[in-house]
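Per-entry structural report
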Amino acid sequence: MNHHIAIAIDGPAASGKSTLARELSKRFGLTMVSSGEMYRAVTWKVLELGVDPKNPSAVIAALDGMDLECGVDGRVSTITVDGERPGAELRSEAVNRSVSTVAAIPEVRHRLVDLQRSYLGFTDVVMEGRDIGTVVFPDTPFKIYIDADADVRANRRVEMGEVDAVHDRDREDSSRKTAPLKIAEGAAILDTSKHTIESGVDAAVSLLEGQGLELRKQP
Ligand code: DC
């Protein structure tokens with residue numbers, strides 16, 4: 001039995017999940033795990049191999065040959081694919097365009113969910129994604145569903161200099177058969193549209209405390 005805790009943060013693209021997870025990780029000394037980076041890393045490798053992301057059997061065959069390793073660097077999760085740690089490529093236009101298609105393949109999800117769960121074997125985590133509260137850690141009492149107005153979310157990506165059709169990704173991520181994005185049972189809902197980072201994190205901490213979370217602030 002392990003005694004590590006998991007905070008699950010789910011929500012659509014550019015809703016503020018990774019910002020919140022990063023801030024909670026810094027404030028309370030938890031490991032921040034971006035599950036989206038894992039889907040992005042597999043997608044990046046699929047594209048590198050010249051495999052068509054729309055061909056599930058070809059993606060599954062490529063996945064079978066992939067050596068995927070998850071780790072931690074400081075307080076942040078890492079993903080290594082066949083010995084390589086992709087960096088900025090994870091957020092390229094090509095990856096943005098194909099990641100939802102690859103993430104809809106049940107075999108891909110199965111393999112990555114196992115890796116995501118493995119973190120609890122050695123550390124407390126704040127993990128962000130689309131199915132963390134529903135599938136990866138359904139039993140954790142600490143769940144937040146984060147959202148923001150559609151135009152606010154689209155603008156955030158533009159401000160980051162990214163070409164990312166967030167609405168298309170959201171549609172795909174919410175309508176797929178396996179582990180679609182939805183509000184987990186017991187999740188507290190946080191709309192970040194009008195929040196600053198600081199006030200959004202404070203609001204999230206209050207919601208988590210309301211769910212019974214007791215965390216000690218890092219010095
Ligand atoms: O959080 P992100 O935008 O980096 O995620 C990229 C894509 O990965 C997202 O559009 C859908 C997929 N994803 C998923 O299906 N399940 C997760 N838990 C996290 C991400």
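This text goes with the structure placed above it.
Residues numbered from 1 in each chain as written. Predicted model: local features only at pLDDT ≥ 70, side-chain atom pairs only at ≥ 80, totals over all residues. Heavy atoms only, no water.

**Some details on the overall build of the protein**
Using the following cut-off: Helix and strand assignments follow DSSP, with helices taken as H or I runs no shorter than four residues and strands as E runs no shorter than two, numbered in order from the N terminus. Throughout, radius of gyration means the C-alpha value; the globule benchmark is 2.2 Å times the number of residues raised to the power 0.38. Summary of the burial criterion: residues with accessible area below 20% of their type's maximum are buried, those above 50% are exposed, and those between are partly exposed, where the area comes from a 1.4 Å probe applied to protein chains only. Any two residues having at least one pair of non-hydrogen atoms within 4.5 Å are treated as being in contact.
Across its full length, the protein holds nine helices and seven strands. Computed over C-alpha atoms, the radius of gyration of the protein comes to 17 Å, within 12% of the 17 Å expected from 2.2 N^0.38 for 219 residues, which places it in the range of a compact globule. Dimensions of the protein, computed from the C-alpha atoms along their principal axes, are close to 45 × 45 × 30 Å. Per-residue burial over the protein gives 49% buried out of 219 residues. Partitioning the intrachain contacts of the protein with sequence separation of at least 6 by distance along the chain shows that 76% fall at a separation of at least 24.

**Considering the side chain of Q211**
Rules: Distance and chemistry together define a polar contact, namely a pair of N or O atoms within 3.5 Å, with one atom able to donate a hydrogen and the other to accept it when in protein, and with adjacent residues in sequence counting only for side-chain atoms on both sides.
Here Q211 shows up in the segment after α9 (197-210). Within the local environment of Q211, its side chain forms a polar contact with the backbone oxygen of G186, the two atoms lying 3.3 Å apart. Once you skip the residues sitting within four places of it in the chain, Q211 turns out to touch P141, F142, K143, G186, A187 and A188.

**Details of the nonpolar core**
For the record, the criterion: Among buried residues, the Ala, Val, Leu, Ile, Met, Phe, Trp, Tyr and Cys ones that are joined through side-chain atoms within 4.5 Å form a nonpolar core.
V42, L68, V108, L112, V125, M127 and F137 are the most contacted members of the largest nonpolar core, which has 34 residues in total. Sorting the residues of this core by element identifies β1 (6-10), α2 (35-48), α3 (56-64), β4 (76-81), α4 (93-103), α5 (106-118), β5 (125-129) and α6 (132-136) as the ones contributing at least two each. Here this core takes six residues from α2, the largest share from any one element.

**Considerations on unusual backbone geometry**
Phi is positive for A14, which is not a glycine, with a value near 60 degrees. Relative to the assigned elements, A14 resides in the loop between β1 and α1 (17-28). Judged by relative accessible area, A14 falls into the buried class, the value being 8%. Its identity is not glycine, yet D82 carries a phi of approximately 45 degrees, on the positive side. Summarising the element assignment, D82 is placed in the loop between β4 and α4.

By themselves, these observations are geometric and do not establish any function.
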